[in-house]
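Here is how the chains run, residue by residue.
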Amino acid sequence: MAETPLPPPDAVPAPSVTAEPFGKLADGTPVERWTLVAGGTRVRVLSYGGIVQSVEVPDRSCRYANVVLGLATVDEYVEHPDPYFGALIGRYANRIAGASLPLGDRTYPLPANDGPNCLHGGTRGFDKRVWAAAAAPAAPGAAALLLSRTSPDGEEGFPGTLDVRATYTVTAEGALRFDYEATTDAPTVVSLTNHSYVNLDGEGSGSVEDHRLRIAASRFTVNSPTSAPTGEIADVAGTPFDFRTARPVGAELRSGHPQLLIGLGYDQNFVLDKGVTAAPEPVAEVSSPASGRALRVLTTEPGLQLYTANFVCPSFTGPSGRAYRPGDGLALETQHFADSPHHPHFPSTVLRPGEHYRSATVYEFTVR
Ligand code: BGC
């Protein structure tokens, strides 16, 4: 299918990065909302949790819509932390089984905030912290925001003082790029991601089951009944996890595959065929036949968690004023594999003093 780069050249406003007050936390800490405009894409980011609140891109008729799920106010983000809408996830994306971190000759207890496991960095992970935010230098035509924060030694049980920098860039072509960097003063584990849920027909428009999905992964990590990897790596061939050729996300959701019953839908880590790379490489593509919008994901990471918003319950509304139901968005979380600290055959997530953690992911938007 023909792809048209975004946006129509005459509709591109000059790149800009602006900030506005966006309410306060209960303890009085002010939250800012930053707006990045470049290449015909407008992205809103909160200093609370590094949350991507909205990503507005055109459809094939040049009609703009916000294609990520989110909430309208900071109070609602605090009140409904569970879906992690658009959040910067850390210090460790996804689960560490048994909420215990083996590292060197010690085992560090972590908060068990998801059954027996530690999920997304613990009870108060990076998604619930206020980040220092500032406009960052960017290439001509692009707009960038730098979020930085020092995570103290022992925060949520993790050892090592971790200095983290996350740069969000809207490129001259209208792509959204995430660059993460971190250094530590003691051995620790790091795996950072963004937890945006995509609905290419616009948030609040209904299910994404008809979206076509392709993932360049021949294998996936098998989950235990508590959704942490068992360590087994299985072939996708002949299973509902085979997205090597594009097909509707919902095609096999009701197949009864035991792995899909555990998480009430897709909630698995795909082992990307390309492995770890120095530069972001294409790993997944989602498109909507209805709106013509398409998203291509590129990453340096070896894994991708496909999560079909299985636990998003209709107890609140998005910015459109419509309630979200399970399956109304899908998250493509680039990451090192969940629970790597317990599985030495998974790519290592250990960061030591003197080493530099770097990870980059790009969301490229096009229309078809
Ligand atoms: C996890 C899900 C979890 C969700 C939080 C995903 O990354 O894999 O199991 O429920 O985040 O909303």
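For the structure, see preceding data.
Every chain is numbered independently, its residues counted from 1 as its sequence is written. Local features are withheld for residues below a pLDDT of 70 in this predicted model, meaning they are given only at 70 or higher, and side-chain atom pairs are given and counted only at 80 or more; totals for whole chains, interfaces and linings count all residues. Excluding hydrogens and water, the side-chain figures rest on all heavy atoms present in the structure.

Draft legend 1. Broad picture of the nonpolar core. In this text, buried Ala, Val, Leu, Ile, Met, Phe, Trp, Tyr and Cys residues form a nonpolar core when linked through side-chain atoms within 4.5 Å. Buried means the residue's accessible area, taken with a 1.4 Å probe over protein chains only, is under 20% of the maximum for its type, while exposed means over 50%, and partly exposed covers the values in between. One finds Val55, Ile215, Phe270 and Leu306 to be the most contacted residues of the largest nonpolar core, which totals 57 residues. In this text, helices come from DSSP runs of H or I with a minimum length of four residues, and strands from runs of E with a minimum of two, each type numbered from the N-terminal end. Ranked by residues supplied to this core, first place goes to strand β14 (residues 162-170) with five residues. If we skip the residues at most four places from it in the chain, Val55 touches Thr41, Arg42, Val43, Ala65, Asn66, Val67, Val68, Leu176 and Phe365. Counting residues in each nonpolar core, the second largest holds 23 residues, with Leu71, Phe85, Ile89 and Ala93 among its members. We call two residues in contact whenever any of their non-hydrogen atoms come within 4.5 Å of each other.

Draft legend 2. Examining the site of the ligand more closely. Residue proximity to a molecule or strand is established when one non-hydrogen atom of the residue lies within 4 Å of it. Taken together, the neighbourhood of the ligand is formed by 13 residues, with Asn94, Arg95, His195, Asp267 and Glu333 sitting nearest. Under the rule applied, a polar contact is a pair of N or O atoms within 3.5 Å (in protein, one hydrogen donor and one hydrogen acceptor; residues adjacent in sequence only if both atoms are side-chain atoms). Asp82 is positioned with one of its backbone polar atoms (N or O) 2.9 Å from an oxygen atom of the ligand. Ten residue types, Ala, Val, Leu, Ile, Met, Phe, Trp, Tyr, Cys and Pro, are classed as nonpolar, four, Asp, Glu, Lys and Arg, as charged, and the remainder, Gly among them, as polar. Taken together, the residues of the shell around the ligand sort by class into five nonpolar, four polar and four charged.

Draft legend 3. Broad picture of the sheet that holds strand β26 (residues 303-307). Strand order in the open sheet made by the six strands is β18-β27-β26-β23-β20-β21, with antiparallel pairing throughout. On the outer flanks of this sheet lie β18 (197-198) and β21 (229-235), each paired with one strand and no other. Should DSSP find at least two bridges between two strands, the strands are taken to pair.

Draft legend 4. Representation of the side chain of Asp242 within the structure. With respect to the element layout, Asp242 can be found in the loop between β21 and β22 (247-248). A polar atom in the side chain of Asp242 sits 2.8 Å from the side chain of Arg244. If we ignore the near neighbours within four places in the chain, the residues touching Asp242 are Val236, Ala237 and Arg247.

Draft legend 5. Spotlight on the environment of Pro282. Checked against the element boundaries, Pro282 lands in strand β24 (residues 281-287). The partly exposed category is assigned to Pro282, whose relative accessible area is 43%. Sequence separation between Pro282 and Pro159 is 123 residues, and the spatial gap between their C-alpha atoms is 33 Å. Sequence-distant contacts of Pro282, defined by excluding residues within four places in its chain, comprise Arg296, Val297 and Leu298.

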